[in-house]
Every structure is written in structure tokens, then in C-alpha cells.
Amino acid sequence: MEPDSQISETDSKIPEIVNQTMELLIQSNDPCSKIQAAKDIRRLTKTSQKYRRHFSGAIQYLVSMLRSNSIEFNEASLLALLNLAVKDEKNKVKIVDAGALEPLVCFLRSNSTTLREYATAALLTLSASVINKPTISSSGAIPLLVEILRDGSPQAKVDSVMTLYNLSTRKENLTVILSEKAISPLVNLLKSCKKSSKTTEKCSALIESLLDFEEGRSALTSEEGGVLAVVEVLENGSPQSRECAAGALLKMCESDRDRYREPILQEGVIPGLLELTVQGTPRSQSKARTLLQLLRDSPYPRSELEADTLENIVCTIVSQIDGEDRGGKAKKMLAEMVQVSMEQSLRHLQQRALVCTPTEMTFTKCTSKVSSK
């Protein structure tokens, strides 16, 4: 049979499958049949946008199953709704309009780790819809999401920070997130996850937004290893994460240079900033340059004839060198100067257990480890 005829035959069976499944879900009095129908919907909508459209009529019945006292009902319907919402804006909105948020928020308080995970994942998907954000924001979910960020399972923590990031685009939610003491669990998650991951990107972006407020800035500096965690992202994160980390530190320094300059410098930020002025995104480079200026001993602007950073010194020298590939020479020279700066920050490196062990620390080991990044 030709591929086109196979597709046509499969498509022709969709209405029949949908009708049979809907009949079980709506008309059957057998709880097991309803659970099986929900499981079938989950399976069929996992990768098929067509089935998501065809089964949109099941949403109100699946939401009613969320209100059951049966955990089996709850889990089966929740997973079906989750798949119905993926990559389908209409279904996202329809699920919230059908009243799903009330039981979902209740599940965030559940003693069942599984239900909490599923509910957090569902809120992550639903919060991707701009239309849903006001309703989710007013549902009481934010404090519970911060609680899960603090005490939930590893996967639930990841989904929680992603959801909070989605909701943080509504500025009024930032004060709610801050009031729930979110900085500490955000820092802990930042320390534990891979620096190049999407989780780090969202976590860094959320921290940067929270540092618009003095409460957020104070909380980060008061948290043990808080500023260091941001500096490590600036050094080793994805381009987007590094930009957010630079932005976070810049907000601190711009808000109160006298208060925050020293805590930032103590964490050895200069090498990472120097690298960012050459290798970062355009916005990262701009933020890094501005922050380097603020971190100088003098808060006042230098003469235009003076170089502001090592990068400018390097570029000035290289501009007088004949030949091609001046940019490459500048990067190489800057890398060498960054290495010198790193060596001068040996005290900071000694604090970082992942770089050197406390009992086997030599100058050579530290510098070679940093060079291999």
C-alpha cells in the first residue's frame, strides 16, 4: 500500500476511535472504563495534533474527573489533560475555563508526590498561554509553586521554576514571588543544575527580574553562596544565562554601588566579565562593560583618552599591529590577561571545591583547571 493511502486510511478511522472513546468517558458507569478512556486519550494525543483537536470535547469531562476522590481518576484525567494542552493554545484556554485550576491548586498541596508533580507540569503548560496568566496568578498557585521549588522532587522543582518564570512576565507577580522568599530556593536550584541548561536560563532570568527590587537584592547577598552562584553562571552558562547573570549583577551595582561592589568583587567576577566583553552576546558585552566600569576603584568616569577595561587596552595595542586577524589577536591577548587576573584571584578559587580540593591545592593545579574551561 502506498504511503498516501495508509495516511488516508488512518485518518478515516479517527472519528470512529474518537466516538468510541468519548462514549466510554461520558456514558459508561464503570469507573475502570472511564479511567481507560482517559488513558486512551492521553496515548492518542501524545504526539498527534489532530487527536488533540478531535478530543477537545472531552476536556469538561476530564476536568470533572479531577474533582473525584479517587487518585486513579485524578492521575488518569490529569495526564490526559496535560497532553491535550501541549502545543494547543485553544485547549489550554478551554481547560482553564472548564475550572481545572481549583483542583490543580489542591493537588499542589497533596501528600502524593506524583499528584504534585503532575499538577506542577500541568500548570507549566497552561501558564504558557498569555490568556491564562491572570487567572493562574489569582488562583493562589504562586505560593505553592515556591513551596514546591523549595521542597519538591527534582522534576517538580524544575517545572515550578519554569512556571514561575512564565508568570513573572506579569510584573505584579514578582512581588508575590519575592514575598514567598523565593531567592533562597532559586539559588539552591542554580547551584545544583547544569549551568548550560534551560533550567539555569529560566532561573537566572527570574533572579534578574527579582533584583529589580531591593528585597531581592538584599536576599541574594544574604544567601550563602548567592552572589557566587550568579557569578558561576556568568562564567559557565549558556549565552542567554550569562546575559541574565551579568544583568543581575549590574542591577545590584547600579542600585547601590557602595553596598554591592565589594560582595560582587569578592566572588572573583572580573575574569568572567572580561571574557564576556569579547565573547558574549551584544547585550552581554554592553552589560559587562558597564559593570566593569562600576566595579573600578573610582566611581567617576575616566578621561576619554584612558582605557576603561583590559579589553580596551588590548584593542588599542592590537590596532597598532600590522597584519590580518586583529580580532583573533585581541582575543588571544585578552585571554592571556584574563589568566593573569585569574591567578590574582587565587583566594576566590580556593573557596570553590569543584575546582580544587582543600588539601591538594597548588598554584599550578588551580590555573590549569581554569584554563581548561
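Predicted, not measured: the structure shown is a model, and the values here were computed from it.

**A few points about the overall build of the protein**
Secondary structure assignment for the protein yields 24 helices and zero strands. Counting only residues that meet the buried cut, the protein has 49% of its 373 residues in that class. In the protein, of all internal contacts separated by at least 6 residues, the share reaching a separation of at least 24 is 66%. Summing over all exposed atoms, the protein offers an accessible surface of approximately 18700 Å²; the carbon and sulfur share of this is 51%.

**Quick look at the pattern of salt bridges**
Oppositely charged side chains can pair when the atoms bearing their charge come close. Enumeration over the complete set of coordinates arrives at eleven salt bridges. Residue Lys-198 pairs with Glu-201 through a salt bridge whose shortest N-O separation is 3.6 Å. In this pair, Lys-198 and Glu-201 are both assigned in helix 14 (residues 198–210), three residues apart and thus about one turn of the helix distant. Overall, Lys-198 belongs to the exposed group, its relative accessible area being 56%. On the basis of relative accessible area, Glu-201 is assigned to the buried category, the value being 15%.

**A word on the side chain of Gln-285**
Relative to the elements of secondary structure, Gln-285 occurs in helix 20 (residues 282–295). Relative accessible area serves as the criterion here: at 19%, Gln-285 is assigned to the buried category. In this structure the side chain of Gln-285 is engaged in a polar contact, spanning 2.9 Å, whose partner is the backbone oxygen of Gly-280. Filtering out sequence-adjacent residues up to four positions away, Gln-285 remains in contact with Leu-276, Thr-277, Val-278, Gln-279 and Gly-280.

**Some points on helix 8 (residues 113–126)**
Helix length check: helix 8, at 14 residues, gives a terminal C-alpha distance of 20 Å against a target of 20 Å (1.5 Å per residue), a fit within 8%. Of the residues making up helix 8, those classed as buried are Leu-115, Arg-116, Ala-119, Thr-120, Ala-121, Ala-122, Leu-123, Thr-125 and Leu-126. Elements that come into contact with the buried residues of helix 8 comprise helix 5 (71–85), helix 6 (89–97), helix 7 (101–108), helix 9 (133–137), helix 10 (141–151) and helix 11 (154–167).

**Description of the confidence of the model for the protein**
Of all residues in the protein, 76% attain a pLDDT of 70 or more, and the chain-wide mean is 84. Below a pLDDT of 50 lies the segment residues 343–347, which in the model reaches five contacts outside its immediate sequence neighbourhood of four places, other chains included. Predicted confidence for residues 353–373 stays below pLDDT 50, and this span has 19 contacts to residues more than four positions away or in other chains.

**Here's the deal with the nonpolar core**
Grouped together as the largest cluster of nonpolar side chains are 90 residues, with contacts concentrated most on Leu-62, Leu-104, Leu-186, Leu-249 and Ile-264. At eight residues, the largest contribution of residues to this core is made by helix 5. Viewed by domain, this core spans two of them, domain 1 (17–98) and domain 2 (190–298), each represented by three or more residues.

**What about the environment of Glu-147?**
One can find Glu-147 in helix 10. Judged by its relative accessible area of 38%, Glu-147 is partly exposed. The spatial distance from the C-alpha of Glu-147 to the C-alpha of Pro-185 is 8.8 Å, given a sequence separation of 38 residues.

**Quick look at unusual backbone geometry**
Despite not being glycine, Lys-87 shows a phi value in the positive range, around 55 degrees. Within the secondary structure, Lys-87 sits in the loop between helix 5 and helix 6. One non-glycine residue, Lys-181, adopts positive backbone phi at about 60 degrees.

**Quick notes on the environment of Lys-46**
Summarising the element assignment, Lys-46 is placed in the loop between helix 2 (31–44) and helix 3 (49–54). Residues Lys-46 and Leu-84 lie 38 residues apart in sequence; the distance between their C-alpha atoms is 7.8 Å. In contact with Lys-46, other than residues within four places in its own chain, are Arg-52 and Asn-83.

**Observations concerning the packing of helix 5 against helix 8**
Across the interface, helix 5 lies against helix 8 with an axial gap of 10 Å and an inter-helix angle of 20 degrees. Overall, the two elements helix 5 and helix 8 adopt an arrangement that is roughly parallel. Here the hand of the crossing between helix 5 and helix 8 comes out left-handed. Counted together, Asn-74, Glu-75, Leu-78, Leu-79, Leu-82 and Ala-85 of helix 5 and Thr-114, Leu-115, Tyr-118, Ala-119, Ala-121, Ala-122, Thr-125 and Leu-126 of helix 8 form the full contact between these two elements.

**Focus: helix 20**
An ideal rise of 1.5 Å per residue puts 20 Å on 14 residues; helix 20 measures up with 20 Å between its terminal C-alpha atoms. Ser-284, Gln-285, Lys-287, Ala-288, Leu-291, Leu-292 and Leu-295 are the residues of helix 20 that are buried. Across the axial projection of helix 20, the buried residues extend over an arc of 165 degrees, all falling on one side. In helix 20, the exposed positions that point more than 90 degrees away from the buried face belong to Pro-282 and Arg-283. Structurally, helix 20 contributes buried residues whose contacts are with helix 14, helix 17 (239–255), helix 18 (257–265) and helix 19 (270–279).

Cut-offs used in this document
- Residues numbered from 1 in each chain as written.
- Predicted model: local features only at pLDDT ≥ 70, side-chain atom pairs only at ≥ 80, totals over all residues.
- Heavy atoms only, no water.
- Helix = DSSP H or I, 4+ residues; strand = E, 2+ residues; numbered from the N terminus.
- Buried < 20%, exposed > 50% of the residue type's maximum accessible area, 1.4 Å probe, protein only.
- Contact = heavy atoms within 4.5 Å.
- Areas by Shrake-Rupley, 256 points an atom, 1.4 Å probe, with all protein chains shown as cover.
- Salt bridge = Lys/Arg side-chain N within 4 Å of Asp/Glu carboxyl O.
- Polar contact = N/O pair within 3.5 Å; in protein donor to acceptor, adjacent residues only side chain to side chain.
- Expected span 1.5 Å × (residues − 1).
- pLDDT = per-residue confidence, 0-100.
- Core = buried A, V, L, I, M, F, W, Y, C linked by side-chain atoms within 4.5 Å.
- Domains from an automatic or database assignment.
- Axes fitted to C-alpha atoms, helices over the stretch in contact; angles between N-to-C directions.
- Parallel < 35°, antiparallel > 145°, perpendicular 65-115°, else oblique.
- Left-handed = near helix turned anticlockwise from the far one by under 90°.
- Arc of directions from axis to C-beta.

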